[in-house]
Amino acid sequence: AQKVTQAQTEISVVEKEDVTLDCVYETRDTTYYLFWYKQPPSGELVFLIRRNSFDEQNEISGRYSWNFQKSTSSFNFTITASQVVDSAVYFCALSEAGYSGAGSYQLTFGKGTKLSVIP
Amino acid sequence: DTGVSQDPRHKITKRGQNVTFRCDPISEHNRLYWYRQTLGQGPEFLTYFQNEAQLEKSRLLSDRFSAERPKGSFSTLEIQRTEQGDSAMYLCASSLISGSSYNEQFFGPGTRLTVL
């Protein structure tokens, strides 16, 4: 069974501070995908990043960076110099890798971390 | 707008009534997913379609729930004899699966159901 744990329920930071959102996952699959989605107050889930289990390179995109460590089953997300517009609920998710298009690729989500950036 | 759309955005109904939601995926996407999200929780998988075929249903999908995707384009999710526990946000997502190539699921804005 797959499981995603986001231990931080809520985080508050002051604007321009850096913040790291933690994600720990469990899966029996040897290949899988990991994701981060953002859910602003409007409610629509916005895709941020996907990582394959065989690619442990960290990734940076503007103020966002992701640290994937297979040894600790973690996929953490850091926002540098946070802004008020970053305030949202952030979800980490996991899906099987499937084979040649087979498999549902259904997403298993964590409970989310609500980030509040205070001006 | 070429994103995933859902209708209605909000639905308030009385316990025991039937409701139907619609999802229009991104046009070239062959996969369509339904998820349910309750307050303070992450979305939970309900069911998915590959073209018009419904290939998997979660145990969360009781007999009162039925989903269709008749022509492999839009999908409907119907809940019969609604219960207060059905109150949630119902999210639709679509993606393109081609051979071994994987593409992300893109989500619609959701339909928020309130059962009184």
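Higher on the page you've got the structure.
Residues numbered from 1 in each chain as written. Chains lettered and ligands numbered in written order. Predicted model: local features only at pLDDT ≥ 70, side-chain atom pairs only at ≥ 80, totals over all residues. Heavy atoms only, no water.

1. Looking at the sheet that holds strand β7 (residues 65-68) of chain B
Residue and element names in this part refer to chain B. Just so we agree on the cut-off: When DSSP finds two or more bridges between two strands, those strands count as paired. Put simply, DSSP marks the helices as runs of H or I at least four residues long and the strands as runs of E at least two long, and each gets a number from the N terminus on. To obtain an axis, a line is fitted to C-alpha atoms, over the contacting stretch when the element is a helix, and the angle between two such axes runs from 0 to 180 degrees between their N-to-C directions.
Taken in spatial order, the four strands make up an open sheet running β1-β3-β8-β7, and their pairing is antiparallel. Two strands close off the open sheet at either side, each with one partner strand: β1 (5-7) and β7. Ignoring which end each strand starts from, the neighbouring axes of this sheet average 15° apart. Sheet topology note: the strand β3 (residues 19-24)/strand β8 (residues 75-79) ladder contains five bridges and is antiparallel. Among the inter-strand pairings, T20 is bridged to a residue of β8, identified as E78.

2. Let's talk about the pairing of strand β12 (residues 113-118) of chain A
Residue and element names in this part refer to chain A. Test applied: Per-residue accessibility, obtained with a 1.4 Å probe over protein chains only, is compared with the maximum for each type, and a residue is labelled buried under 20%, exposed over 50%, and partly exposed between these values.
Judged by which residues are buried, β12 turns out to be one-sided: T113, L115 and V117 face inward and are buried, whereas K114, S116 and I118, on the alternate face, are not. Judged from the five bridges that link them, strand β2 (residues 10-14) and β12 form a sheet pairing that is parallel. Looking across to β12, one finds that V13 is bridged to V117. As defined by bridge partners, strand β10 (residues 88-96) adjoins β12 across three bridges and the pair is classed as antiparallel. When the sheet's bridge partners are listed, A88 is paired in β12 with L115.

3. Overview of the interface of chain B and chain A
Selection rule: It only takes one pair of heavy atoms within 4.5 Å for two residues to be counted as in contact. Defined here as a combined quantity, buried area equals the accessible surface (1.4 Å probe) lost by two parts on assembly, summed across both. When a carboxyl oxygen of Asp or Glu is within 4 Å of a side-chain nitrogen of Lys or Arg, the pair counts as a salt bridge. We call two N or O atoms a polar contact when they sit within 3.5 Å, provided that within protein one can donate a hydrogen and the other can accept it, with sequence-adjacent residues counted only if both atoms are side-chain atoms. Side-chain classes are defined by residue name, with Ala, Val, Leu, Ile, Met, Phe, Trp, Tyr, Cys and Pro counting as nonpolar, Asp, Glu, Lys and Arg as charged, and the others, Gly among them, as polar.
Tallying the contact residues gives 22 residues for chain B and 22 residues for chain A. The junction of chain B with chain A conceals about 1900 Å² of combined surface from both sides, 53% of it contributed by carbon and sulfur atoms. On the surface where chain B and chain A come into contact, there are one salt bridge. Of the charged contacts in the structure, one is a salt bridge between E104 of chain B and R50 of chain A, with a shortest N-O distance of 2.1 Å. For the pair chain B and chain A, the number of links is six residue pairs in polar contact (both at pLDDT 80 or more). If you list the elements that add at least two residues to the side of chain B that touches chain A, you get β4 (31-37) and β5 (44-50) of chain B. The element that contributes the greatest number of residues to the side of chain B that touches chain A is β4 of chain B, accounting for four residues. The residue inventory of the side of chain B that touches chain A, partitioned by class, reads ten nonpolar, eight polar and four charged.

Distances and angles like these do not, on their own, reveal function.
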